[in-house]
Amino acid sequence: MTNQEILSVLAEAAGNPKKQLHHHLSQGRKVVALAPVYAPEELIHSQGFVPMGAWGADLELQEAKAFFPAFICSITQSIVELGIRGAYEGIHAMVIPTLCDSLKVLTQNWKHAVPSIPLIVTSYPQNRGIPAAQDYLKSGFVQISEKLEELGGTPFSEEALAKSIDLYNRHRKAMRELSSTLGKHPRISARQRSDIFKSAHFMRKEDHLELVEGLIEGLSDQESGGLPHRKEDGPASRTRVITTGILADHPRLLNILDETGFHLVADDLAHESRQYRTDAPTGGAPLDALVERFCKQQHCSVLFDPGKGRASYLADLATRENARGVIYFMTKFCDPEEFDLVPVKRNCDAAGIPFLSIEVDRQMSNFSQARTALETFKEMIEQRRM
Amino acid sequence: MAEEVRKKPAPPDPDSARFKLGAIIEKHYREVHEAKARGEKIGWCASNFPQEIFQTLGVKVCYPENQAAAIAARGAGQKLCEIAESEGYSNDICAYARISLAYTRVKDVPEQNMPLPDFLLCCNNICNCMIKWYENLAEDLDIPLILIDIPFNTGYEPGPDQIAYVKAQFMDAISQLERITGTTWSEDRFREVMDISNRSSRAWLEATGYTRYKPSPLSGFDLLNHMAVAVCARGTVEAAEAFETLVKEYKEAVEKGTSTFRAEEKHRFMFEGIACWPHLRTTFSALKNRGMNMVATIYADAFGQVYQDLDGLIRGYCSVPNAVNLEKARDTRIGIVRKTGAEGLLVHTNRSCKLWSGFMQEMSKQIGESCDIPVVSFDGDQADPRNFSAAQYETRVQGLAELMEARKKGE
């Protein structure tokens, strides 16, 4: 497949999660949906399910209003909205972690709003550095595994889990490599980059890995990878930035990033690269590896981060990737992100890295403010260069 | 409208519970200031962090949540919130957190000052917002942060794995605090503190339980003030004695037929949520004027932990109101409504508290159906005065009064 063909397949998957779900179901596969931010995907995969991400959708909230007050994040609200409207029909369970207050709320509302789809809760420890946290998490994973078996999954098998971990580690490595490769290819648009990451939530990892590896190979072969030139300015004038936040997948927003002339050279989005930063160790007991993987994860707003490592991580990432600015996509009503914003901005300011925060949510319909802010940000960065 | 019985305020009786409770709060702040002045390490502490730890170690702490409530009740909530917003904090963030983070900037707020901390004690059994708030405090002040992570209970009761995880953190927190403050843990002192805490909690719960009498010997809003002692001093003998005095006074009031609710008790209702501290007078007056007495609230009981041993203590902290699932939270409230004979439910949809308000619509609906009582909600905030509309509140309270009245008339 050519790069363009691969990108088209990924774009199709990213834009049509329902079609992907129906495809999996038509193949006789069992599907489990995963709400943000982290789930023991390898475990779910090893017991015979296709894990599919459920990060909500850009839609008008109607039914969910009977359950949520307006000031709960629209990602969680739109998950319930989709559930009530039947978008998840056919899935075996919804997995929701309780990593923030909105997600805790989501677990409780889900039970009553969508009683037809069983809920599996992942209770992660926040004090991840102490041995007791690992015991607690392992015990939680065992309970999840038992529940998956009750729901028609295959019994827990160390061998199967080890295989799934290997697959997921290879996929994570490929996604990290891809992100690095995309940093060298300004002709890949923000929209295309988002599609690559978003499609990973909907496709089988086996299939996604193959396409991503093909794309890495294709891009490394040629400067522009046979991709059409963008009608806007040339790649040399694109401004290298990194993005951070929970998610930024609205096509209009991504188009504005492209039209304004930004090149996303790396990201720290929960929906994108945060999923792939940490591998599960190999060699030991696979369930322990899964536990260790979670406990090792860092620099994320929904994980206890006492030294605010995320702030220095972002500054380092910007420097390493030769990025000329940081764009913080602030998901409205997301406490963890709202708290992190201040130290992250302060740290960027102290390091002399241009910083922009843009409020986003699943109810966004007017993008003119975002466009103006991005245009101004671009100009500001360019003036610094002069 | 009920006729208000106006009396000239009596001079404070030093033997009264009210006097004693006020003195405890005053002493609480004074002692922590004095400890700081002596060069001792003092902390800021989350309201439902296991207080037995620092009480046993003899370490002084104060409570940003209490401070924020006091600042908001005395009219400076908006000013502090705006300072935090000027620092970049969204006005969607919990107003207690905004006030607290602003305080670390200005360091002097006459409405309620506290010494700046040398360490932080955080516990997220009331919400995960606490973690982020305390992370930022630790970063701003460059001081250590001790977290006891209590995961949200999605089951009906905390399981043994959760108890083990929290217990391990309890022990770890002791070691960390010993290192920071140079103090030493004593098992004998710990048992003593547990005994005192149980005694205080039993008395507090017994006192709050007096609202079951008809009419109630107390105005439920009194509990919102007294509760500060349950938060910050329940491991002290003074708090135990003050709550026992409160029990004695309520017992006598029942015998005499008197009440601190200074109006005819026409309706008895449950209040759900944290008080709107900036609008306490407005919110109370609208109720009192209609003879509506708050006889039930989960809020007061949130700070009464009664346990037999360390496992029981841990289980208690794992089961505070915001740490439990909808079904457990619902059933507890249904129990309170039935025990107190509440005839309606007034829900504060608190902009500051996503966890408390996030599944309240479904839960309050289920409570209303189960207890066959009307449910009415209003929008407000625990400390940011801008998120409250007096007109909306008045209308909703009026609506609840009419619904309760209609039911009494059998309509």
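Residues numbered from 1 in each chain as written. Chains lettered and ligands numbered in written order. Predicted model: local features only at pLDDT ≥ 70, side-chain atom pairs only at ≥ 80, totals over all residues. Heavy atoms only, no water.

**Looking at the interface of chain A and chain B**
The following threshold applies: Residue contacts follow a heavy-atom distance rule, with two residues in contact if any of their heavy atoms lie within 4.5 Å. Summed over both partners, buried area is the accessible surface (1.4 Å probe) that two parts give up on being assembled. We define a salt bridge as a side-chain nitrogen of Lys or Arg found within 4 Å of a carboxyl oxygen belonging to Asp or Glu. Counting of polar contacts relies on pairs of N or O atoms within 3.5 Å, with two restrictions inside protein: one atom must be capable of donating a hydrogen and the other of accepting it, and residues adjacent in sequence are counted only when both atoms are side-chain atoms. Helix and strand labels come from DSSP, where a helix needs a run of H or I of at least four residues and a strand needs a run of E of at least two; each type is numbered from the N terminus. Classification used: nonpolar for Ala, Val, Leu, Ile, Met, Phe, Trp, Tyr, Cys and Pro, charged for Asp, Glu, Lys and Arg, polar for all others including Gly.
Contacts between chain A and chain B engage 49 residues on the former and 48 residues on the latter. In total, chain A and chain B occlude about 4,000 Å² of area from one another, counting both sides; carbon and sulfur atoms represent 58% of this. Here chain A and chain B share seven salt bridges between them. Between A:D335 and B:K354 there is a salt bridge, with its nearest N and O atoms 3.0 Å apart. Summed over the shared surface of chain A and chain B, the number is 29 residue pairs in polar contact (both at pLDDT 80 or more). Among the elements of the structure, α5 (101-113), α6 (131-150) and α13 (335-351) of chain A are those that each provide at least two residues to the side of chain A that touches chain B. Class assignment of the residues belonging to the side of chain A that touches chain B gives a composition of 25 nonpolar, 13 polar and 11 charged.

**Some thoughts on α5(A)**
Residue and element names in this part refer to chain A. Operational definition: Helix span, expected: 1.5 Å multiplied by one less than the number of residues in the helix. Burial classes follow relative accessibility: with a 1.4 Å probe on protein chains only, a residue under 20% of its type's maximum area counts as buried, one over 50% as exposed, and anything between as partly exposed.
Counted at 1.5 Å a residue, the expected span for α5 with its 13 residues is 18 Å, and the 18 Å between its end C-alpha atoms agrees. Of all 13 residues in α5, 11 are buried; the element is thus mostly enclosed. What α5 keeps buried is the set D101, S102, L103, K104, V105, L106, T107, Q108, N109, W110 and A113.

**Considering the environment of B:A342**
Residues and elements named next belong to chain B. Here A342 is to be found in the loop between α14 (326-340) and β7 (345-350). Judged by relative accessible area, which is 7%, A342 ranks as buried. C-alpha separation for the pair A342 and N322, spaced 20 residues apart in sequence, amounts to 22 Å. If sequence neighbours within four positions are ignored, A342 has contacts with R268, F269, M270, V295, A296, V337 and I373.

**Re the side chain of A:S194**
The residue A:S194 is located in helix α8 (residues 190-199) in this model. Not counting residues within four places of it along the chain, the set of residues in contact with A:S194 comprises A:A248, A:D249, A:L254 and A:E272.

**A few points about the pattern of salt bridges**
Pairing of side chains with opposite charge becomes possible as their charged atoms draw close. Residues and elements named next belong to chain B. Across all of its chains, the model carries 64 salt bridges over all chains by this definition. One salt bridge in this structure joins R38 and E40, with 2.9 Å as the shortest N-O distance. We note a salt bridge from R98 to E85, for which the minimum N-O separation is 2.7 Å. Pair noted here: R98 is in helix α5 (residues 95-106) and E85 is in helix α4 (residues 77-86), with a separation of 13 residues, a long-range link.

**Topic: the environment of B:P278**
Residues and elements named next belong to chain B. Along the polypeptide, P278 turns up in the loop between β5 (267-272) and α11 (280-288). Distance from P278 to Q78, taken between C-alpha atoms, is 8.9 Å for residues 200 residues apart in sequence. With sequence-adjacent residues up to four places away left out, P278 is seen in contact with A72, D381, Q382, A383, D384 and P385.

**Description of the sheet that holds strand β1 (residues 43-45) of chain B**
Residue and element names in this part refer to chain B. Note the threshold: Whether two strands pair comes down to DSSP finding at least two bridges between them.
Sheet architecture is open: four strands sit in the order β2-β1-β3-β4, paired in parallel fashion. The open sheet has two edge strands, β2 (61-62) and β4 (145-148), and neither has a second partner. Judged from the three bridges that link them, β1 and strand β3 (residues 119-123) form a sheet pairing that is parallel. By the bridge assignment, W44 is partnered in β3 with L120.

**Describing the domain arrangement of chain A**
Residues and elements named next belong to chain A. How we decide: By convention here, the domain bounds are inherited from an automatic or database domain assignment.
Segmentation of chain A into domains returns domain 1 (16-157) and domain 2 (160-385). The distance between the C-alpha centroids of domain 1 and domain 2 comes to 23 Å. In terms of surface lost to domain 2, no three residues of domain 1 exceed Y38, E42 and R128, which account for 21% of the buried area on that side. Taken together, domain 1 and domain 2 are joined by five salt bridges. Its salt-bridge partner being E42, residue R172 comes within 2.9 Å of it at the nearest N-O pair. Seen at the junction of domain 1 and domain 2, the total is 22 residue pairs in polar contact (both at pLDDT 80 or more). Its residues assigned to classes, the side of domain 1 that touches domain 2 shows 25 nonpolar, 13 polar and eight charged.

**Thoughts on the packing of aromatic side chains**
Residues and elements named next belong to chain A. Selection criterion: Whether two aromatic rings pair depends on their centres lying within 6.5 Å, for rings of Phe, Tyr and Trp, where Trp uses its six-membered ring; planes under 30 degrees apart make the pair stacked, over 60 edge-to-face, and the rest tilted.
The tally for this structure, following the rule as stated, stands at 22 aromatic pairs over all chains. Between Y124 and F141, the aromatic rings sit 6.4 Å apart at their centres with planes inclined by 85 degrees, giving edge-to-face as the arrangement. Taken together, the residues span a long stretch of sequence, with Y124 in the loop between β4 (119-122) and α6 and F141 in helix α6 at a distance of 17 residues. Across this residue pair, the class does not change: Y124 and F141 are buried. On the basis of an interplanar angle of 45 degrees and a centroid distance of 6.1 Å, the ring pair of F197 and Y276 is categorised as tilted.

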